[in-house]
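# Analysis of the macromolecular model
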Amino acid sequence: MACRLDSGALQVAAGRVSARLAEGADICILPKFGKQEALGLGFRDVIAEALHEGVPVLIHVPTEQRPEFDAFAGDFAEWIDAVGLAEWSRRAVHQGKAA
């Protein structure tokens, strides 16, 4: 059975995360920059909003969406591996609180 994305539900979820982000956040953790985000939908505006507010975003970027993500995020992106994840998270939250 193929998995089908409910794009309406994705937009509702993005709206809810955006509303919570507006209340303040130390970090924004999202599942992935997928096909919808590559098309300018899904959580793309949430990611942009978080970056604009100086909130670090942790997100998985599949290989297939890497070119679109690079074009979107530019110099804001920092690629980390699993080994560096804990240190990046501590640093990102600390910097967010210092801002």
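Here we summarise the structure given alongside this text.

The rules behind these values
- Residues numbered from 1 in each chain as written.
- Predicted model: local features only at pLDDT ≥ 70, side-chain atom pairs only at ≥ 80, totals over all residues.
- Heavy atoms only, no water.
- Helix = DSSP H or I, 4+ residues; strand = E, 2+ residues; numbered from the N terminus.
- Rg over C-alpha atoms; globule rule 2.2 N^0.38 Å.
- Buried < 20%, exposed > 50% of the residue type's maximum accessible area, 1.4 Å probe, protein only.
- Contact = heavy atoms within 4.5 Å.
- Areas by Shrake-Rupley, 256 points an atom, 1.4 Å probe, with all protein chains shown as cover.
- Lys, Arg positive; Asp, Glu negative; His and termini not counted.
- Charge placed at Lys NZ, Arg CZ, Asp CG, Glu CD.
- Axes fitted to C-alpha atoms, helices over the stretch in contact; angles between N-to-C directions.
- Parallel < 35°, antiparallel > 145°, perpendicular 65-115°, else oblique.
- Left-handed = near helix turned anticlockwise from the far one by under 90°.
- Nonpolar A, V, L, I, M, F, W, Y, C, P; charged D, E, K, R; others polar.
- Salt bridge = Lys/Arg side-chain N within 4 Å of Asp/Glu carboxyl O.
- Core = buried A, V, L, I, M, F, W, Y, C linked by side-chain atoms within 4.5 Å.
- Expected span 1.5 Å × (residues − 1).
- Arc of directions from axis to C-beta.

## Quick notes on the overall build of the chain
- Broken down by element type, the chain carries 5 helices and 2 strands.
- Of the regular secondary structure in the chain, the N- to C-terminal order runs α-β-α-α-β-α-α.
- Relative to a compact globule of 99 residues, whose C-alpha radius of gyration would be 13 Å, the chain shows 14 Å and is just as compact.
- Judged by the C-alpha coordinates and their principal axes, the chain covers about 45 × 30 × 25 Å.
- When the 99 residues of the chain are sorted by exposure, 27% land in the buried category.
- Considering only contacts in the chain between residues 6 or more positions apart, those separated by 24 or more positions represent 70%.
- When the accessible surface of the chain is summed, it comes to about 6,900 Å², and 55% of that surface belongs to carbon and sulfur atoms.
- For the chain, the distance from the average position of its 10 positive side-chain charges to the average position of its 14 negative side-chain charges is 5 Å.

## Regarding the packing of helix α1 (residues 7-22) against helix α3 (residues 44-52)
- Packing of α1 against α3 brings their axes to within 9 Å, and their N-to-C directions diverge by 10°. Judged by the inter-axis angle, α1 sits roughly parallel to α3. The two elements α1 and α3 cross, and the hand of that crossing is left-handed. For the pair formed by α1 and α3, the contact residues are Ala-14, Val-17, Ser-18, Leu-21 and Ala-22 on the first element and Val-46, Glu-49 and Ala-50 on the second.
- For the contact of α1 with α3, the residue count by class is 6 nonpolar, 1 polar and 1 charged.

## Here we look at the pattern of salt bridges
- Here the structure, examined in full by the defined rule, presents 4 salt bridges.
- Across the pair Arg-66 and Asp-70 runs a salt bridge whose closest N-O atoms are separated by 3.5 Å. Taken together, the positions of Arg-66 and Asp-70, both in helix α4 (residues 66-73) and 4 residues apart, correspond to about one turn of that helix.
- Judged by its relative accessible area of 35%, Arg-66 falls in the partly exposed class.
- Classification of Asp-70 as partly exposed rests on a relative accessible area of 34%.
- The salt bridge partner of Glu-78 is Arg-91, with a shortest N-O separation of 3.0 Å. With Glu-78 in the loop between α4 and α5 (85-98) and Arg-91 in helix α5, the pair connects residues that are 13 residues apart, well separated along the chain.

## Here we look at the nonpolar core
- Cys-28, Leu-30, Val-46, Val-57 and Ile-59 are the most contacted members of the largest nonpolar core, which totals 16 residues.
- Listed by contribution, the elements that provide at least two residues to this core are α1, β1 (28-32), α3, β2 (57-60) and α4.
- Setting aside its immediate chain neighbours within four residues, Cys-28 contacts Leu-21, Val-46, Ala-50, Val-55, Pro-56, Val-57 and Leu-58.

## Considerations on α1
- For α1, built from 16 residues, the straight-helix expectation of 22 Å at 1.5 Å per residue is met to within 8% by its first-to-last C-alpha distance of 23 Å.
- Taken together, the buried positions of α1 are Leu-10, Ala-14 and Leu-21. One side of α1 carries all its buried residues, which in axial view fall inside an arc of 40°. Turned more than 90 degrees from where α1 packs its buried face, Arg-16, Arg-20 and Ala-22 sit exposed.
- Structurally, α1 contributes buried residues whose contacts are with β1, α2 (35-38) and α3.

By themselves these figures say nothing about function.
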